[in-house]
Structure formats: C-alpha cells, structure tokens
Amino acid sequence: MIRHAAAVPKLPGGQPFARPGSWVRDAARLRPADAAWAFALRAGLAVALPLVALILAGHTAWAGIATFGSFAALYARDAHYRSRGRVVAAAGLGLTVAVFLGTLAALAAAPELPGIVAVSLVGAAATWLCAVFRVGPPAGLMFAFATAVSAAVPATTADLWRHPALTAGAAAAAWVIAMAGAAVDRDAPRRLAVARALRRAAGVLDAPAGPAGLRVRHLAATAVAQAWAALPARGAAALEALVARAESALAGLGTREELLGLADAVARRGPVPEVASTATEAAGITGRHLSDSGYRDLLRGPVRGTALGGPLLVAAARVALGALAAGAVAGLLAQLTGLGHPYWAAVSAVAVLQGTNLLVSLHRGLQRALGTLAGLVVAALALALPGDTWTLVAGIVAAQVVAELLVIRNYGLAMLAVTPLALLVGELGAATPPLDLLRDRLVQTVLGCVIGLLCAAAVRTRVAAKHLDLAVAACEHTTAGLARTRETRPGAAERLLVAQLTALREAYDVASGEPGLTPAATDRVLTAERNARLALARSA
C-alpha cells in the first residue's frame with residue numbers, strides 16, 4: 001500500500017494533494033528537447049513573411065492582425081506531414097474564425113463586453129477541441145489571443161472581411177512553410193517519432209516503482225502510440241519493427257542500451273537499422289492501426305457518455321469562466337484606474353487553464369507570472385533600443401524563434417521571449433509609452449493568473465475519478481481474460497490491453513492532479529498496471 005505522509009496538505013474534502021514545495025520544483029523542471037531549431041526557424045519565418053510583405057506594401061497597421069495567421073505554424077510541431085498538413089490547415093481556419101469574431105465584437109458600440117464574451121467562448125471551444133483531437137500545445141491559447149486582440153483593435157465595417165482575409169493569407173503561407181520540409185526529407189518526422197519512442201521506452205526499463213514510474217510509463221506509451229500513428233500503412237517495415245521493439249519495452253522486455261543505440265541510429269539520416277521481430281511484435285505490427293483506433297475510442301467514448309461531458313468539457317468550462325471573470329475584473333479596473341490592455345488578463349487566464357487538472361494550472365500560473373516578471377526586463381531593454389519599423393520586425397522574429405526554442409523545455413523560460421514578443425507586436429499598430437506598456441503587462445498578467453487559478457480551484461474535475469475507475473476496470477477485465485482471448489484471436493487481446501494501459505495512464509494523469517484521489521485509488525491503478533504488464537510479458 002502506498003502511504004501519504006501526514007504533512008501532505010489537504011484541500012476541501014480532506015483529500016491529500018501535492019506538497020506546495022513540489023509545485024515550484026515541477027514548474028521549474030526542464031524537459032528534454034530535440035529537433036527544436038528546425039521548428040523554431042519555421043515559426044520565425046512564418047511570422048516574418050507577412051510582416052515584411054505588409055510593411056513593404058505600406059500597410060504596417062495591418063501587420064499585427066496578419067501575424068495571427070502565422071501562429072498556425074506553431075501547431076503539429078513534430079507531427080508527420082500527413083497529420084501536420086491537416087492540423088495546420090485546421091488551426092489556420094480556426095484562427096481566421098477567431099479574428100472574425102473578435103473584429104465583429106470590436107464593431108459594437110461598447111465592444112468591451114462582447115469582446116470578453118467572445119474570448120471566453122472561443123477559448124473554451126478551442127481548448128476542448130484541441131484536447132479531444134490531441135492537437136497539443138499551444139492548444140486553445142492562440143485562438144483566444146487572436147480573438148482578444150482583434151476585439152481590442154478599433155475596427156470599421158471593411159475590417160470585418162479585411163482582418164480575416166489577412167489572417168487567412170498568413171495562415172496559408174504558414175502552411176506552405178510547415179510542409180516545405182517534405183520536399184527535402186519526407187520521412188524525417190517519422191524517424192524522429194520512432195527515436196523518441198525508443199528513448200522513452202528505454203526509460204521504462206529502469207523506472208522507479210509507484211506513481212513516478214507510472215508517469216514514466218505513461219509518457220513512453222504515449223510516445224509509442226504517436227510513433228505508430230506517424231507511420232504509413234505500408235512501406236515502412238524497418239520503422240515498424242523498431243516501434244514494436246519499443247512497445248515490447250513497455251512490458252519490461254529488452255535492454256536500455258539496445259533501445260538507446262537504435263534511437264541514435266534511426267534519428268540520423270541514412271539506412272534505418274533493422275531488428276528481428278518476435279512473434280508478439282509481428283502481431284503488434286499487423287494490428288497497429290486497430291490498436292491506435294481502440295485507444296482513441298476508449299478514451300473519448302466515456303467523455304461523450306458522462307453527464308458533465310468528462311474532464312475535457314470541465315476543463316473547457318474552467319477556461320470560459322476564467323476568461324470571463326478575468327476580462328470583467330480587468331475591464332472594471334481599467335475604468336477605475338485607466339490601466340490599459342485588459343485583454344491581457346483574459347488571455348493569461350486562458351493560458352493558465354490550458355491544463356486538464358488543477359496541478360497543471362498551478363504550474364502554468366507560477367511559470368507565466370514569474371516568467372513575465374523576468375520577461376519584462378528583456379522587454380524594457382528591447383523597447384529602449386533605437387530603431388525604426390524594421391528594427392521592430394527583427395525583434396519580433398528573433399523573439400518568436402527564441403520562444404519556440406525555450407517553450408519545449410519550460411513554459412516559464414519561454415515567457416522571457418513571449419513577453420517582449422507581445423509588446424513588440426503591439427507597437428506595430430500603435431505606439432504606447434514604454435512604462436505604461438510594461439506596467440499594464442505586469443498587472444494584467446498577474447491578475448489573469450490569479451483569477452485563472454481561482455477558477456481552476458472552483459471548477460473541479462469531479463468526473464476524473466469516475467473515468468479512472470472505468471479505465472482500471474477495463475484493464476483488469478482484459479488482463480484476466482488475456483490467455484483465453486489469445487487462443488481464439490492471437491494478438492488481439494495484447495493490442496487491446498496496450499490501448500487500455502495507455503488510457504489508464506491518461507486517466508490517472510488527469511485524476512492525480514485533482515484533489516480527491518485517495519491512496520487506495522492510486523494503489524489499485526498501480527496494481528492493475530503492474531498485472532497488465534506482467535500479462536503482456538508472459539504472452540511475448
């Protein structure tokens with residue numbers, strides 16, 4: 001039985017929660033990164049093109065709006081080109097709709113309230129859709145940001161079509177940039193995904209016991225699922241064998257040295273290393289698409305079936321409430337004190353609430369608030385530099401590149417570049433006294449973070465525990481019947497159990513970040529996960 005120390009703080013309901021000291025350590029943790037430069041340069045180029053084109057055409061005031069279409073390139077960071085093309089196109093369409101709704105709100109006689117409502121609805125809808133379809137960072141944040149700024153910029157009736165058209169044009173350019181690598185090395189994202197799966201799987205072989213080890217195995221299982229999804233239906237036998245070898249490591253098979261060696265070899269350009277597949281690995285290769293489909297259905301089916309729509313809809317409700325509350329308080333503060341840029345508070349609340357549970361929101365709140373504080377120093381230096389419009393453009397592009405290099409390691413570090421980036425983009429449209437700009441950014445960001453955290457604590461994902469119970473029960477049932485099912489349908493039970501293990505770890509990842517998870521529930525998860533891994537190992 002896993003026991004929690006008496007010193008662990010408790011939240012409403014008396015349930016143990018994470019120690020406050022661990023919030024800071026987790027928020028400061030650096031994540032490993034690979035292929036960061038390629039993505040960062042793509043993002044910088046996507047921002048640079050519309051800025052340069054519009055400024056050369058004499059329409060500097062339009063450049064800030066067009067930049068939102070460039071943010072489509074921030075999605076599907078390392079996805080294979082087939083998936084990347086769909087996601088970036090969908091992101092471009094969503095950003096265009098967001099700008100249209102923001103501009104529509106700006107046309108109101110009193111645009112403040114319609115703008116706040118638009119930001120909250122767009123942020124919530126985008127957050128939910130990105131979670132359902134596993135779009136990944138920056139998730140719903142950029143859609144809320146596009147809506148907020150569009151609603152804050154004075155608009156005319158002509159802007160109702162002009163602003164979306166500018167956004168769509170920049171998004172189209174971003175799509176071309178994101179897909180350009182296919183002409184050079186179409187398999188590069190696939191090889192990268194396979195290398196990541198092998199490295200994550202190597203970590204499983206010496207993972208610690210308890211919840212920490214469960215987290216390691218969850219990340220490895222997710223990387224393996226992403227690697228399977230990256231491979232084509234036919235014509236990648238060598239890569240399929242490598243992913244199957246990584247999947248075997250989830251059951252404790254193989255050696256760390258072998259997996260790391262294969263990862264290094266496949267990440268380099270050249271012949272793909274070949275391995276001889278076991279019988280179980282060959283069966284996994286045959287049914288890889290069934291396994292991926294089963295994983296998605298298992299996770300999303302319960303979301304549609306619960307009364308509240310599951311943790312994903314609750315997370316979206318948090319975003320809507322947080323943006324609405326932060327925007328309203330910031331707007332009132334602006335009326336009373338003359339403080340500007342109230343939409344920054346609403347956007348900060350959306351950023352904090354992008355996580356699926358309270359603990360992730362705590363981390364994001366700390367990272368955004370402290371990162372912004374440090375980023376303001378960088379921004380002050382950037383704003384003090386002499387120069388013209390082209391100096392601003394150079395600063396914006398450089399900040400975008402640096403932000404994408406840092407965000408994959410730590411969100412708080414990325415704020416060192418995101419903060420001056422936001423301020424410099426604002427300077428393109430209308431110059432603001434630097435001290436006023438820095439003051440507004442600090443106050444509105446901290447206000448939005450605080451209100452976002454209050455909403456995260458107020459709107460609790462109570463259905464997370466129910467989802468976890470369903471995932472555990474499904475895993476236990478399949479483990480118990482593994483031997484019988486294997487006799488009638490070889491490989492089918494193993495594929496189903498792999499999918500259910502991934503869903504179990506996903507459900508635990510959400511529930512463990514909410515107050516209310518008991519030690520007994522954690523014990524049951526660890527037992528079910530261990531028994532399933534042993535069953536998979538025996539079937540190999």
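Higher on the page you've got the structure.
As the structure is a computational prediction, the values presented were derived from the model and not from experiment.

**Student:** When you look at the packing of aromatic side chains in this model, what are you seeing that I'm missing?
**Tutor:** Two aromatic rings are characterised by how far apart their centres lie and by the angle between their planes. All told, the structure shown has five aromatic pairs when counted by the stated rule. A centroid spacing of 6.4 Å and a plane angle of 20° characterise the contact between phenylalanine 71 and phenylalanine 145, whose relative ring orientation is stacked. With phenylalanine 71 in the loop between helix H3 (60-70) and helix H4 (81-106) and phenylalanine 145 in helix H6 (residues 141-152), this residue pair connects regions lying 74 residues apart in the sequence. The exposure classification of phenylalanine 71 matches that of phenylalanine 145, with both residues buried. Taken together, the aromatic side chains of Phe68, Phe71 and Phe145 make up a single cluster linked through ring pairs. Lying over the aromatic face of tryptophan 161, arginine 162 brings its terminal NZ or CZ to 5.5 Å of the ring centre.

**Student:** Which parts of the structure should I look at to understand the environment of alanine 227?
**Tutor:** Tracing the backbone shows alanine 227 in helix H9 (residues 211-230). Here alanine 227 falls in the buried class, since its relative accessible area comes to 0%. Distance in space between the C-alpha atoms of alanine 227 and arginine 196 is 8.1 Å, their sequence separation being 31 residues. Not counting chain neighbours up to four residues away, the residues in contact with alanine 227 comprise Ala193, Val194, Ala197 and Val243.

**Student:** Looking at this model, I keep getting lost on a nonpolar patch on the surface. Mind explaining?
**Tutor:** Taken together, the side chains of Leu93, Val97, Phe100, Leu101, Leu104 and Leu107 make up a nonpolar region of the molecular surface, amounting to roughly 480 Å² of accessible area. When you line up the elements, leucine 93 lands in helix H4. Taking relative accessible area as the criterion, leucine 93 reaches 58% and is therefore assigned exposed.

**Student:** I keep staring at unusual backbone geometry and nothing clicks. Help me out?
**Tutor:** Glycine aside, residues mostly have negative phi, and peptide bonds are mostly found in the trans state. A cis amide bond links proline 137 with the next residue in sequence, proline 138, at an omega value of 0°. Positionally, proline 138 belongs in the loop between helix H5 (112-132) and H6. One non-glycine residue with positive phi stands out, namely alanine 76, at about 55°. Assignment of secondary structure puts alanine 76 in the loop between H3 and H4. Despite not being glycine, histidine 341 has its phi angle at roughly 55°, a positive value.

**Student:** Hey, could you run me through the packing of helix H8 (residues 188-204) against helix H11 (residues 256-267) in this one?
**Tutor:** Between two packed helices, what matters for the description is the angle formed by their axes and the separation of those axes. It is at 8 Å that the axes of H8 and H11 come closest, and there the two elements cross at 165°. Judged by the angle between their axes, H8 and H11 are roughly antiparallel. Seen from above, H8 lies across H11 with left-handed handedness. Residues Arg191, Val194, Ala195, Leu198, Arg199, Ala201, Ala202 and Gly203 of H8 touch H11, and the partners they reach there are Arg256, Leu259, Leu260, Leu262, Ala263, Asp264, Ala265, Val266 and Ala267. Taken together, the residues of the contact of H8 with H11 break down into twelve nonpolar, one polar and four charged.

**Student:** Can you walk me through helix H10 (residues 237-249) in this structure?
**Tutor:** Given a rise of 1.5 Å per residue, 13 residues ought to cover 18 Å, and the 19 Å separating the end C-alpha atoms of H10 matches this to within 8%. The buried fraction of H10 amounts to eleven of the 13 residues, a majority that puts the element mostly inside the structure. Within the span of H10, buried status applies to Leu239, Glu240, Ala241, Leu242, Val243, Ala244, Arg245, Ala246, Glu247, Ser248 and Ala249.

Scoring rules and cut-offs
Residues numbered from 1 in each chain as written. Predicted model: local features only at pLDDT ≥ 70, side-chain atom pairs only at ≥ 80, totals over all residues. Heavy atoms only, no water. Phe/Tyr/Trp six-rings, centres within 6.5 Å; stacked < 30°, edge-to-face > 60°. Helix = DSSP H or I, 4+ residues; strand = E, 2+ residues; numbered from the N terminus. Buried < 20%, exposed > 50% of the residue type's maximum accessible area, 1.4 Å probe, protein only. Lys NZ or Arg CZ within 6 Å of the ring centre and 35° of its normal. Contact = heavy atoms within 4.5 Å. Patch = residues over 30% accessible without salt bridge, like charges linked within 9 Å, V, L, I, M, F, W, Y side chains within 5 Å. Areas by Shrake-Rupley, 256 points an atom, 1.4 Å probe, with all protein chains shown as cover. Salt bridge = Lys/Arg side-chain N within 4 Å of Asp/Glu carboxyl O. Axes fitted to C-alpha atoms, helices over the stretch in contact; angles between N-to-C directions. Parallel < 35°, antiparallel > 145°, perpendicular 65-115°, else oblique. Left-handed = near helix turned anticlockwise from the far one by under 90°. Nonpolar A, V, L, I, M, F, W, Y, C, P; charged D, E, K, R; others polar. Expected span 1.5 Å × (residues − 1).

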